[in-house]
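Chain by chain, the residues:
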Amino acid sequence: FGSDEFKMKGLFPGPLYHGTPLYFFGTAFMVFGCPFVMMKKYDPEQLLKLIEKERISYIHCAPVHLQRILALPDEVKKKYELSSMRSIVSAAAPCPVEVKKKINELFSQQGAEKPVFHEYYSAIEFMSPITILRPEDYLEKPKRIESVGKNHRGGDVKILDAEGKECPPNKVGLVHVRSIGTVSLRYPGTEELLKESIRTIDGKEWYNDALFGYLDEDDFLYLVGRQKEMIIVGGVNIFPNEIEMIILKHPEVLDVAVISVPDKDFGEIPAAIVQLKAGAEMTKKDLTEHCKKNGLYGFKIPKVIEFVEELPKTPHGKTLKRELEAKYWEEVQRKG
């Protein structure tokens, strides 16, 4: 190809797992001769050391890896020269906006010439990134850093309402995708499952990814939350992602998962399971006040708050919310 993209030197903060977008990106770059440095086990300071030592210019990671870097003490983060970095590509889960901004700030302070944060939206079923967010996108319009990228860069996205009609710009609906993966999504045993996931529009099949989101007037995709994670409190729809983004703004919080827990009056309410930074201290009252000061109100303020040493994660960096919810819903009949 001869492009600079394939002269880069990459780093993965853990092993490649077959069948993930991380795996496909890694093997693709290896095929084109891009050398890689592999970490057997993720360690945020070790990652910074490797960037400096190996002159790494590209990283493919999950948001949790970036959160761990930002949680390092300032004196540690400022020890390393990071001018070689050009592209940090985040996927596997939506990246908090504050994390995107602070990663750019850190790498800029440590020598990177331009903003480094990139992001894309994908899934196993799609076989490729669907939307891609580049630094030039949010440099042109800062609001776009809240998105997961522009439509039509790797597939097509439609936002549909409950009746199957296409939503106008900035209206929240269900995210439907059409890509090389979705049009061939047929294999034994999936027939009944696909009846719920495939919707035909004007003779074309679209895959319902069970995500709520919207496209803006420039065709950038903003994800609001997962349909299966939505919490219905007394008839009010609550998206955990909105609450999590607010809680993550607190300087003492490393990670958080907002889940559904049972309530005798409303059926279910949101609960915040919080992982603090090493050595940090916080009370439930402190966190409640932080939520109120940052715009949460009513049912959106978690009534149940629990502090844990570490949130459970998949190998790809996704939080295992079902595992967290299990103890609350044991012997309780769930909604739906």
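As a reminder, the structure under discussion sits directly above these lines.
K.L.:
When you look at unusual backbone geometry in this model, what are you seeing that I'm missing?
P.N.:
The bulk of non-glycine residues show a negative phi, and the bulk of peptide bonds are trans. Not every positive phi belongs to a glycine, and alanine 210 is a case in point at roughly 60 degrees. Residue class for alanine 210 comes out partly exposed when judged on its relative accessible area of 27%.

K.L.:
Where do I start with the nonpolar core in this structure?
P.N.:
When a protein is soluble and globular, its nonpolar side chains tend to lie buried together. The biggest cluster of nonpolar side chains holds 39 residues, and the ones touching the most others in it are Leu47, Leu48, Ile51, Leu66, Ile103 and Phe107. Looking at this core, the elements with two or more residues in it are α2 (44-54), β3 (58-61), α3 (63-70), α5 (97-109), β10 (204-215) and β11 (221-226). Sequence-distant contacts of phenylalanine 107, that is, excluding residues within four places in its chain, are made with Leu48, Ile51, Leu82, Met85, Ile88, Ala112 and Val116. Ile246, Ala280, Leu287 and Ile301 belong to the second-largest nonpolar core, a separate cluster that totals 28 residues.

K.L.:
Would you explain the sheet that holds strand β16 (residues 304-308) in this entry?
P.N.:
Strand order in the open sheet formed by 3 strands is β14-β15-β16, with mixed pairing between adjacent strands. Taken across any chain shown, the strands that pair with only one partner, and hence form the sheet edges, are β14 (253-263) and β16. Each adjacent strand pair in this sheet contributes to an overall mean axis angle of 25 degrees, direction not counted. Across 10 bridges, the pairing between β14 and strand β15 (residues 267-276) is antiparallel.

K.L.:
Would you mind showing me how to read the sheet that holds strand β4 (residues 87-90) here?
P.N.:
Strand-to-strand pairing in sheets goes through backbone hydrogen bonds, with the strands running parallel or antiparallel. Read across the sheet, 6 strands follow the order β2-β1-β3-β4-β5-β6 without closing on themselves; strand pairing throughout is mixed. In this open sheet, the two edge strands, each paired with only one partner strand, are β2 (36-38) and β6 (131-133). The average undirected angle you get between the axes of adjacent strands in this sheet is 20 degrees. Across the sheet, α5 is in contact with β4, β5 (117-121) and β6; its angle to β5 comes to roughly 150 degrees.

K.L.:
Can you help me understand the pattern of salt bridges in this one?
P.N.:
A side chain with one charge may pair with a side chain of the opposite charge, provided their charged atoms come close. For the coordinates displayed, the defined rule picks out 19 salt bridges. One salt bridge connects arginine 144 with aspartate 218, and the closest N-O pair in it is separated by 3.1 Å. With arginine 144 in the loop between α6 (135-140) and β7 (156-160) and aspartate 218 in the loop between β10 and β11, this residue pair connects regions lying 74 residues apart in the sequence. For aspartate 218, a relative accessible area of 22% puts it in the partly exposed group. One network of salt bridges, in which partners are shared, links Arg134, Glu136, Asp137 and Arg153.

K.L.:
Is there a simple way to think about the packing of α3 against α5 in this case?
P.N.:
Packed helices, taken two at a time, are described by their axes: the angle between them and the distance between them. Relative to each other, α3 and α5 sit at 55 degrees, their axes nearing to 10 Å. Considered as vectors, α3 and α5 are oriented oblique to each other. Judged by the twist between their axes, the crossing of α3 over α5 is left-handed. Of the residues in α5, those touching α3 at Leu66, Gln67, Ile69 and Leu70 are Val99, Lys102, Ile103 and Leu106.

K.L.:
Hey, could you run me through helix α10 (residues 321-329) in this one?
P.N.:
It helps to recall that an α-helix has 3.6 residues per turn; residues three or four apart then point in one direction. Lys321, Leu324, Glu325 and Trp329 are the residues of α10 that are buried. The arc that holds every buried residue of α10, seen down its axis, measures 125 degrees, which confines them to one face. Summarising the geometry of α10, the exposed residues directed more than 90 degrees from the buried face are Glu323 and Lys327. Buried positions along α10 lie against α8 (240-247), β14 and β15.

K.L.:
How should I be thinking about the side chain of serine 197 in this particular structure?
P.N.:
By secondary structure assignment, the location of serine 197 is in helix α7 (residues 191-197). Residue class for serine 197 comes out buried when judged on its relative accessible area of 12%.

K.L.:
Sorry if this is basic, but what is going on with the packing of aromatic side chains here?
P.N.:
Two measures describe an aromatic ring pair: the distance that separates the ring centres and the angle between the ring planes. A full pass over the atoms with the stated rule returns 4 aromatic pairs. For the pair phenylalanine 36 and tyrosine 58, a centre-to-centre distance of 6.3 Å together with 80 degrees between the ring planes defines the contact as edge-to-face. With phenylalanine 36 in strand β2 and tyrosine 58 in strand β3, this residue pair connects regions lying 22 residues apart in the sequence. Here phenylalanine 36 matches tyrosine 58 in class, with each residue buried. Centre to centre, the rings of phenylalanine 266 and phenylalanine 299 are 5.0 Å apart; their planes meet at 65 degrees, and the pair counts as edge-to-face. In this pair, phenylalanine 266 sits in the loop between β14 and β15 while phenylalanine 299 sits in the loop between α9 (284-293) and β16, placing the two residues 33 residues apart along the sequence.

K.L.:
For this particular structure, what's the right way to read α2?
P.N.:
Inspection of α2 places Pro44, Leu47, Leu48, Leu50 and Ile51 among the buried residues, and these make up the whole buried set. Along the axis of α2, the buried residues cluster in a sector spanning 160 degrees; they form a single face. Among the residues of α2, the N-terminal cap falls to aspartate 43, whose side-chain oxygen and the backbone nitrogen of glutamate 45 are separated by 3.2 Å. Downstream of α2 by one or two residues, arginine 55 has phi in the positive range, about 55 degrees.

K.L.:
Help me understand the side chain of histidine 290 in this model?
P.N.:
Relative to the assigned elements, histidine 290 resides in helix α9. Residue classification places histidine 290 among the buried positions, given a relative accessible area of 11%. A distance of 2.8 Å separates a polar side-chain atom of histidine 290 from the backbone oxygen of isoleucine 246. Setting aside anything within four residues of it in sequence, one finds histidine 290 in contact with Ile246, Ile247, Lys249 and His250.

Scoring rules and cut-offs
Residues numbered from 1 in each chain as written. Predicted model: local features only at pLDDT ≥ 70, side-chain atom pairs only at ≥ 80, totals over all residues. Heavy atoms only, no water. Buried < 20%, exposed > 50% of the residue type's maximum accessible area, 1.4 Å probe, protein only. Core = buried A, V, L, I, M, F, W, Y, C linked by side-chain atoms within 4.5 Å. Helix = DSSP H or I, 4+ residues; strand = E, 2+ residues; numbered from the N terminus. Contact = heavy atoms within 4.5 Å. Pairing = 2+ DSSP bridges. Axes fitted to C-alpha atoms, helices over the stretch in contact; angles between N-to-C directions. Salt bridge = Lys/Arg side-chain N within 4 Å of Asp/Glu carboxyl O. Parallel < 35°, antiparallel > 145°, perpendicular 65-115°, else oblique. Left-handed = near helix turned anticlockwise from the far one by under 90°. Arc of directions from axis to C-beta. Phe/Tyr/Trp six-rings, centres within 6.5 Å; stacked < 30°, edge-to-face > 60°. Polar contact = N/O pair within 3.5 Å; in protein donor to acceptor, adjacent residues only side chain to side chain.

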